[in-house]
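The residues making up each chain are set out below.
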Amino acid sequence: MAFIRKKRREQQLQLYSKERFSLLLLNLEEYYFEQHTANHIQHKGSQNERKIRGSLKICSKSVIFEPDATSQPIIKIPLRDCIKIGKHGENGANGHFAKAVSGGISLTFSQVYFIKEHNIVAPYKIERGTMEYVFELDVSGKVEGVVETLLQLHRASCLDKLGDQTAMITAILQSRLARTSFDKNRFQSVSEKLHMECKAEMVTPLVTNPGHVCITDTNLYFQPLNGYPICICRLSSQCRAACGTAVTGQLQFCCCDAGNIFSCTMTSGSRGHTKPMVQITLHDVRRIYKRRHGLMPLGLEVFCTEDDLCSDVYLKFYERQDRDDLYFYIATYLEHHVAERTAEGYTLQWQRGLLSNYQYLLHLNTLADRSCNDLSQYPVFPWVVGDYSSSELDLSNPGTFRDLSKPVGALNKERLERLLTRYQEMPEPKFMYGSHYSSPGYVLFYLVRIAPEYMLCLQNGRFDNADRMFNSIAETWKNCLDGATDFKELIPEFYGDDVSFLVNSLKLDLGKRQGGQMVDDVELPPWARSPEDFLQKSRDALESDYVSEHLHEWIDLVFGYKQKGRDAVGAHNVFHPLTYEGGVDLNSIEDPDEKVAMLTQILEFGQTPKQLFVTPHPRRITPKFKSLAQPSSYNASTADTPVSPGEESFEDLTEESRTLAWSNITRLQLHEQHKIHKEAVTGIAVSRSGSSVFTTSQDSTLKMFSKESKMLQRSISFSNMALSSCLLLPGDATVVSSSWDNNVYFYSIAFGRRQDTLMGHDDAVSKICWHDNRLYSASWDSTVKVWSGVPAEMPGSRRHQFDLLAELEHDVSVDTISLSAASTLLASGTREGTVTIWDLTAATVLHQIPCHSGTVCDTAFSPDSRHVLSAGEDGCLNVVDVQTGMLISSMTSEEPQRCFLWDGNSVLSGSQSGELLVWDLLGGKIRERIQGHTGAVTCMWMNDQCSSVITGGEDRQIMFWKLQY
């Protein structure tokens, strides 16, 4: 998983550089300022006097000495525990000694930590009592400046109020940043143009590192103020040629000659190398996200991969404007290279099976500000299995799984009742759970075996009590069910393929439990034969049918509409107010102590993900929930037609050819074209044999065109007003046309005359559909009407008899309608941009979605009736989930799309300019542009096999298209 890969990269780099020091040796919210090559003088003046060679590191709250010899422990002296700081030999110190150690710094203190002796990661050893250490700098001229810095930092550490300490250290940091700037000699090319430089901090788990950010026309750079961390960059070809490299995933590491302009130094500046930096080529960037850091909108995370949860750099800025300016520049660059992804776009891909449950959750976490660089916002995954005692894991049994509709705290009914009682008695602000489901402590609880130094950093140099460690999967699950304050969820590593977090491969001494057994590997459930088997079965469970059918319920709790407000209360999903975005405005807190305390609580307690959805999340499309009804036509403008059993078999046989046709829809080629109208074509209907094509037009005529003879056979005019659409009734005997004169006309093909008129509206009829002897008419009078009708040509009837069955009222003009495959649902689009989904069985509104900023030009259900696609004057194609009414995908073009056909995944649309556009909804891009009409494409028809298309346009032409395989 991402954190494990990042940790391994760090270990590989440290192994390569021979350094044991890391920023994790610092306290939380502490900064590392500078280092100096020095000797630690031990037992001065005695026979046992010796010098230990190493590096003295000056930090904002401590002094750290890292010996070169790994057998010697790293020494950490907290500045708050210092009694005296000065040049050795001053104020009565032995004069001979002062002369001998002319570059000496003397520290007298009451407490010291010894860390990583023999390079073994273990709890820190503490020695107390008054002690004096002397450090001799290689450059004696620097002693006075270092002592002055230490005295200043010591004063800050000894201030009574934490807020005053933080303010003074921040002032020291900002002063250092102001006196430095990015080294322009580190640009990858002399021709690079500087666009922006500012101060920022690079964020890694538990620590931040201040420095300078610089962006040019080709690269993004970060150069740390202190020459740390060791450089992580993408190697140029010159850099790879200049040195040997160790490659891990996307990032590569190298140690080059300092004179090489492409060098990426591995060690710190005072060891003879140039200052390190992080460099990312803008061309490699694939994703960029604004982040909250400590609930403040100051973060920016850059990814050079599509699916990896581990970013290439996470930056926290001091000013929001700097963050926004940098984001704008990179986002503008990406507009020409990378398609922007939204939660809704990923939802459609997930629903359609293009993304696994695991991948979808990763994307949601990323979009919700979760990052493996921020342990207070680490990616959160659900417990999905609830059985950790059986010898076999039965994924076909619903009882095997956890109830995903409830938060962990609500899974145990008795515990929930106690929590609710306390909640009712609690004054405002109320919360049900005193701890969160995700926090730095919980993340490191799971990862202590692979990231022990992080645990030691978080817990002041100590591991947790052995009995509270991550000892057993079953025990952890039981405690989450029964524990009074344990409501934690899982992390992505439980569904990855790296078992190292379950195995004590580092042979860490994690303590001894009360029963006498040592803490070692994690105890697995009986159904897991090995750690690898456990992860594989956990992945199988996550991707199982049961979880696929219920995962949307958990998403509602963590990322969706049940995260906040009344729905959260009803779902028993209320956490402390500080964990929510907007729960506290840190800028409004004037007291510095209160502000620091609040920030510390936010970072350590954990944070709720950014809310991504405000309506119920749609469920995934699985075989169990797929519609059994198959549409008889992919034509969005004609009604579904009943077919005989033989024809249904034909439908089954042609399903494969339909799929093949849509996969090759970009190969559509113009076969022939005919100008048969005097104004724009508004509707197309084709006989079942395909020989006769009927069209309507704003020139007020219905025309019948013979495809075989390529001649116009009939031209019929019902009034002097424009006709808006047409369709053929079953049997191909009657053509129905809608008109701007408020009427619907029925024309008998056999008798060559108008056989009936339905005067059903008070304004123009904009669109009609037909199914199972029912006519559906949309009108500018703000209604859609449902009529029962019996065609005259059918036995036992002389004329059409119409009864109004339902009237679906809207607030404004209705411009388009479409029916679901079974004709139980209807989608309408209005002039003001609203798409409404109606339940025709009850004539009630299911959902009303404000989809567009202008008129809705066309709507259509997907073949499985799970989604509705709409096209508008605003150039957007929007996909709505029928079950929930959620807008799950939106794509934009530079011009209106007037009409379209689609198969649920791909779209063929007709644009205002006359082009045919092929859209990949799942990939979020336009695949092809096909030159067509000289004016807007106004209507489209496709045959059952999806191999032939007819379009009509404002250029008065109809065009015949065929797929060329």
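Residues numbered from 1 in each chain as written. Predicted model: local features only at pLDDT ≥ 70, side-chain atom pairs only at ≥ 80, totals over all residues. Heavy atoms only, no water.

**Some words on the overall build of the chain**
Along the backbone of the chain there are 17 helices and 44 strands. Across the 965 residues in the chain, those meeting the buried criterion constitute 60%. Long-range contacts, defined as pairs at least 24 residues apart, comprise 58% of the intrachain contacts of the chain with a sequence gap of at least 6. Just so you have it, the chain exposes about 38800 Å², and 48% of that area is on carbon and sulfur atoms. (Helix = DSSP H or I, 4+ residues; strand = E, 2+ residues; numbered from the N terminus. Buried < 20%, exposed > 50% of the residue type's maximum accessible area, 1.4 Å probe, protein only. Contact = heavy atoms within 4.5 Å. Areas by Shrake-Rupley, 256 points an atom, 1.4 Å probe, with all protein chains shown as cover.)

**Digging into the pattern of salt bridges**
Enumeration according to the criterion identifies 30 salt bridges in this entry. Here R292 makes a salt bridge to D369, at a shortest N to O gap of 3.1 Å. Note that R292 is positioned in strand β14 (residues 287-293) and D369 in the loop between α8 (357-367) and α9 (413-425), a separation of 77 residues in sequence. The class of R292 is buried, set by a relative accessible area of 4%. For the salt bridge of R929 with E894, the shortest nitrogen-to-oxygen distance reads 3.1 Å. Placement of R929 in strand β41 (residues 925-930) and of E894 in the loop between β37 (887-892) and β38 (897-902) is noted, with a sequence separation of 35 residues between them. Judged by its relative accessible area of 34%, R929 is partly exposed. On the accessibility criterion, E894 (59% relative accessible area) is exposed. What you see here is one network of salt bridges that share partners, running through K290, R320, R323 and D324. (Salt bridge = Lys/Arg side-chain N within 4 Å of Asp/Glu carboxyl O.)

**Brief notes about the nonpolar core**
Grouped together as the largest cluster of nonpolar side chains are 121 residues, with contacts concentrated most on F494 and F559. Residue contributions to this core peak at seven residues, all from helix α14 (residues 545-558). When neighbours within four sequence positions are excluded, F494 is seen to be in contact with Y446, F470, I473, F501, F534, L535 and S538. In this structure, F65, I105, V112 and V143 belong to the second largest nonpolar core, which totals 33 residues. (Core = buried A, V, L, I, M, F, W, Y, C linked by side-chain atoms within 4.5 Å.)

**Focus: the sheet that holds strand β8 (residues 194-204)**
Within the open sheet, the seven strands sit side by side as β13-β10-β9-β8-β16-β15-β14. Their pairing is antiparallel. Looking at which strands have only one partner, the edges of the open sheet turn out to be β13 (278-281) and β14. Along the sheet, successive strands turn relative to each other by an average axial angle of 30°, direction set aside. Pairing of strand β9 (residues 207-216) with strand β10 (residues 219-224), which is carried by five bridges, proceeds in the antiparallel orientation. Bridge pairing links V213 to F222 in β10. Running over the sheet, helix α4 (residues 162-178) touches β8 and β9 and is turned about 30° from β9. (Pairing = 2+ DSSP bridges. Axes fitted to C-alpha atoms, helices over the stretch in contact; angles between N-to-C directions.)

**Some thoughts on the sheet that holds strand β22 (residues 723-728)**
If you walk across this open sheet you meet the four strands as β22-β23-β24-β25, and the pairing is antiparallel. Either end of the sheet is taken by a strand with one partner, and the two such strands are β22 and β25 (753-759). The average angle at which neighbouring strand axes cross in this sheet is 20°, direction not considered. Sheet topology places strand β24 (residues 743-748) next to β25; six bridges connect them, and they run antiparallel.

**So, the packing of aromatic side chains**
Two numbers describe a pair of aromatic rings. These are the distance of the centres and the angle of the planes. Using the criterion set out here, one finds 34 aromatic pairs in the structure. A ring pair is formed by Y358 and F381, whose centres lie 5.6 Å apart and whose planes are at 50°; its orientation type is tilted. Here F381 lies in the loop between α8 and α9 and Y358 lies in helix α8, a separation of 23 residues in the sequence. Between W383 and W477, the ring centres sit 5.0 Å apart and the planes meet at 50°, which makes this aromatic pair tilted. Of the two residues, W383 is situated in the loop between α8 and α9 and W477 in helix α12 (residues 473-482); the sequence distance between them amounts to 94 residues. Site record: aromatic cluster; members linked through ring pairs are W383, Y388, F445, Y446, F470, W477, F494, F501, W527 and F534. (Phe/Tyr/Trp six-rings, centres within 6.5 Å; stacked < 30°, edge-to-face > 60°.)

**A look at the environment of Q883**
Along the polypeptide, Q883 turns up in the loop between β36 (876-881) and β37. You can call Q883 partly exposed: its relative accessible area is 39%. Taking the C-alpha atoms as reference points, Q883 and P616, 267 residues apart in sequence, are found 8.9 Å from one another. If sequence neighbours within four positions are ignored, Q883 has contacts with P618, R619, H847 and R866. Among the polar contacts listed, one links the side chain of Q883 to the backbone nitrogen of R619, at a separation of 3.4 Å. (Polar contact = N/O pair within 3.5 Å; in protein donor to acceptor, adjacent residues only side chain to side chain.)

**Details of the state of the cysteines**
Applying the stated criterion to the full structure yields zero disulfides. Here C372 stays unpaired: no disulfide links it, and the sulfur of C310, its closest cysteine neighbor, is 4.0 Å away. Of the residues examined, C372 reaches a relative accessible area of 0% and is grouped as buried. (Disulfide = S-S within 2.5 Å.)

**Description of the confidence of the model for the chain**
For any part of a model where pLDDT is low, the fine detail of the predicted coordinates should not be relied upon. Averaged over every residue, the pLDDT of the chain is 87; the share at 70 or more is 87%. Within the model, the stretch residues 230-274 combines pLDDT values under 50 with 106 contacts to residues more than four positions away or in other chains. Low pLDDT, under 50, characterises residues 625-653; the predicted model gives this stretch 66 contacts beyond four residues in sequence or across chains. (pLDDT = per-residue confidence, 0-100.)

**With respect to the pairing of strand β30 (residues 814-819)**
Burial analysis of β30 places six of its six residues in the buried class, the great majority of the element. Two strands pair when backbone bridges link them, and β30 and strand β31 (residues 825-830) are joined in this way by five bridges, in the antiparallel orientation. Each bridged residue has a counterpart across the sheet, and for T816 the counterpart in β31 is G829. Here β30 hands over to β31 after five residues, with S823 in that stretch at a positive phi of 60°.

**Some thoughts on the side chain of T476**
Turning to its location among the elements, T476 is positioned in helix α12. A relative accessible area of 6% means that T476 is categorised as buried. There is a polar contact of 2.7 Å between the side chain of T476 and the backbone oxygen of S472. Discounting residues that sit within four places of it in the chain, T476 has contacts with W383, F445, Y446, F470 and K488.

**Notes on helix α3 (residues 143-157)**
Compared with an ideal rise of 1.5 Å per residue, which puts 15 residues at 21 Å, α3 spans 21 Å between its outermost C-alpha atoms and is within 8% of the ideal. Those residues of α3 that fall on the buried side of the exposure criterion are V143, V146, V147, T149, L150, L153, H154, A156 and S157. (Expected span 1.5 Å × (residues − 1).)

**Notes on unusual backbone geometry**
If a residue is not glycine, its phi is most likely negative; likewise, a peptide bond is most likely trans. Of note, the amide linkage connecting E428 to P429 takes the cis form, showing an omega dihedral of -5°. Phi at H118 takes a positive value of approximately 60°, unusual for a residue other than glycine. Inspection of the secondary structure assignment puts H118 in the loop between β6 (104-115) and β7 (125-137). Positive phi values are uncommon outside glycine, yet N742 reaches one of about 85°. Mapped onto the elements of the fold, N742 is located in the loop between β23 (734-739) and β24. Here N742 falls in the partly exposed class, since its relative accessible area comes to 21%.

**Some remarks on the environment of L840**
Mapped onto the fold, L840 is located in the loop between β32 (834-839) and β33 (844-850). Look at L840 and you get buried, because its relative accessible area is 16%. As for L840 and L808, which are separated by 32 residues in sequence, their C-alpha atoms are 9.3 Å apart. When neighbours within four sequence positions are excluded, L840 is seen to be in contact with Y776, L808, L819, S823, T824, L825 and L826.

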